[in-house]
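An overview of the molecular structure
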Amino acid sequence: MAPSFTARIQLFLLRALGFLIGLVGRAALVLRGPKFASKTPPPVTEPLLLLSGMQLAKLIRQRKVKCIDVVQAYINRIKDVNPMINGIVKYRFEEAMKEAHAVDQKLAEKQEDEATLENKWPFLGVPLTVKEAFQLQGMPNSSGLMNRRDAISKTDATVVALLKEAGAIPLGITNCSELCMWYESSNKIYGRSNNPYDLQHIVGGSSGGEGCTLAAACSVIGVGSDIGGSIRMPAFFNGIFGHKPSPGVVPNKGQFPMAVGGQELFQCTGPMCRYAEDLAPMLKVMAGPGIKRLKLDTKVHLKDLKFYWMEHDGGSFLMSKVDQDLILAQKKVVVHLETILGASVQHVKLKKMKYSFQLWITMMSAKGHDGKEPVKFVDLLGDHGKHVNPLWELIKWCLGLSVYTIPSIGLALLEEKLKYNNEKYQKFKAVEESLHKELVEMLGDDGVFLYPSHPTVAPKHHVPLTRPFNFAYTGVFNALGLPVTQCPLGLNVKGLPLGIQVVAGPFNDHLTLAVAQYLEKTFGGWVCPGNF
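Residues numbered from 1 in each chain as written. Predicted model: local features only at pLDDT ≥ 70, side-chain atom pairs only at ≥ 80, totals over all residues. Heavy atoms only, no water.

Here we take up the sheet that holds strand β12 (residues 484-491). Spatially, β1-β3-β2-β6-β8-β7-β12-β13-β11-β9-β10 is the arrangement adopted by the 11 strands of the open sheet, whose pairing is mixed. Two strands close off the open sheet at either side, each with one partner strand: β1 (88-91) and β10 (344-347). Recorded for the sheet is a direction-independent mean angle of 25 degrees between the axes of neighbouring strands. Pairing of strand β7 (residues 241-244) with β12, which is carried by 3 bridges, proceeds in the antiparallel orientation. When the sheet's bridge partners are listed, Gly242 is paired in β12 with Gln486. Contacts between helix α9 (residues 279-287) and the sheet are confined to β6 (221-226), β7, β8 (268-273) and β12, with β8 contributing the most and set at about 145 degrees to the helix. (Pairing = 2+ DSSP bridges. Helix = DSSP H or I, 4+ residues; strand = E, 2+ residues; numbered from the N terminus. Axes fitted to C-alpha atoms, helices over the stretch in contact; angles between N-to-C directions. Contact = heavy atoms within 4.5 Å.)

What follows is the structure, encoded as structure tokens:
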């Protein structure tokens, strides 16, 4: 379905406006922003930091390692590294040490055997970090919005409570983009997070603080949310694992902002971690009763899976071209699956993928089943009280006087152009339904789709302002409602992470998680910064 001439003109103007805003923002930020030398955090020397959450929990249960030593090792690492990456924005070290001491005391009593402990507390004593957008009792919950800088959580978000009940010990909260609606994690309250593989590069957003914290070995498991790639982009840019579950499986309650209207269908809460073996156990805990909708205990025979792959979106002029090193990394996976695993692998051309951005933005502007419209972004900026004039804020920002970031001001300016239009909605809803049907029929219950995570590796700071639509490589799967696991594939010649998205049909999360574990064993998984 080719877009009309009018639609082409509108898309061109939209891209031009975004590009101009990006140029203004990048120029000013380059002039005003802090400078960093190209360096990485020091390599890990403490062996405890190189174990998965599952391995740590097992050693703690077996009383081979004290929980207090594990937590102290992570606190030491955070103190050494976090000033460079600015991933964790509020510590809870004192509380964490008390909780670790309580775990050791419980184990010293030897009232329960290892099997009982594993059943009750699968993450007993495992360090955890949480995206600041989620409620963590006693911690800030501003989502980087200056108007909410004094907001302190009085309770835990549902997933945070479930992980704590499973024995995990939160070390702190991690940075995000302002109101979780941009793919660079920077805001006026906490500042900017930096990529541990090169501090001059972005960490992604909106769960970017979580991504760089995990990548730098300052945490082992973490909580993220994803409405357009906010788990998968940070996981990709930082060389870790992240999973966007099938919609409606993991509860979203307890985060700000909460999606309303049609957006409720796209927002997903999910696990982020360094080691693939932690994904499924985390998902089981975080989903609570919703886990019954998945088949995580089903044995997956990878050789019997059908693999499909596509190296780019088909040529949307809104998006950048996919980097050659990402295409080569994907082809290495394809060749391995064909020649070593002996699986069925097929190259496909899904023509409607080039409408990814249009599908995402159209669905995001839709009304919910109850007729509710999504909350306007400009209203969120004012926290439902203060009136915000985006044009005036842009002028103030250029003078260094605005309390908002340039991506938020730009989005508020563009919002009127992107608002709900019934004719456009019906047009792209038909495209979305057609593409969804095509993918679901292709994948069935035994197929996975390999697709680029982003057109480029982690860009330098501020570059996303001139490439505002590239997130659509992840956002399209929110619009389609499919489960996706982000998998690292080593580093490129410049030392920046490579990776790939693994997509499955609805509620077939177990397939993507199984492929993630296989790719980790085959291609090495997470690479510690400073060790290359």
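Turning our attention to the UniProt feature "active site" (unreviewed entry) in the protein. Residues annotated in UniProt with the feature "active site" (unreviewed entry) correspond here to Lys131, Ser206 and Ser230. A maximum C-alpha distance of 10.8 Å among these annotated residues, which run over 100 residues, shows that they cluster at one spot. You can see Ser206 is positioned in the loop between β5 (191-192) and α7 (208-215). Given the relative accessible area of 1%, Ser206 is considered buried. Residue contacts for Ser206: discarding those within four places in its chain leaves Lys131, Asn175, Cys176, Ser177, Cys180, Trp182, Ser185, Ser225 and Ser230. A distance of 2.6 Å separates the side chain of Ser206 from the side chain of Lys131, its partner in a polar contact. Here Ser230 is to be found in the loop between β6 and α8 (232-237). Judged by its relative accessible area of 7%, Ser230 is buried. Residues contacting Ser230, with those up to four places away along its chain left out, are Lys131, Cys180, Gly205, Ser206, Ser207 and Ser225. (UniProt positions renumbered as here; feature names shortened; annotations may be inferred. Buried < 20%, exposed > 50% of the residue type's maximum accessible area, 1.4 Å probe, protein only. Polar contact = N/O pair within 3.5 Å; in protein donor to acceptor, adjacent residues only side chain to side chain.)

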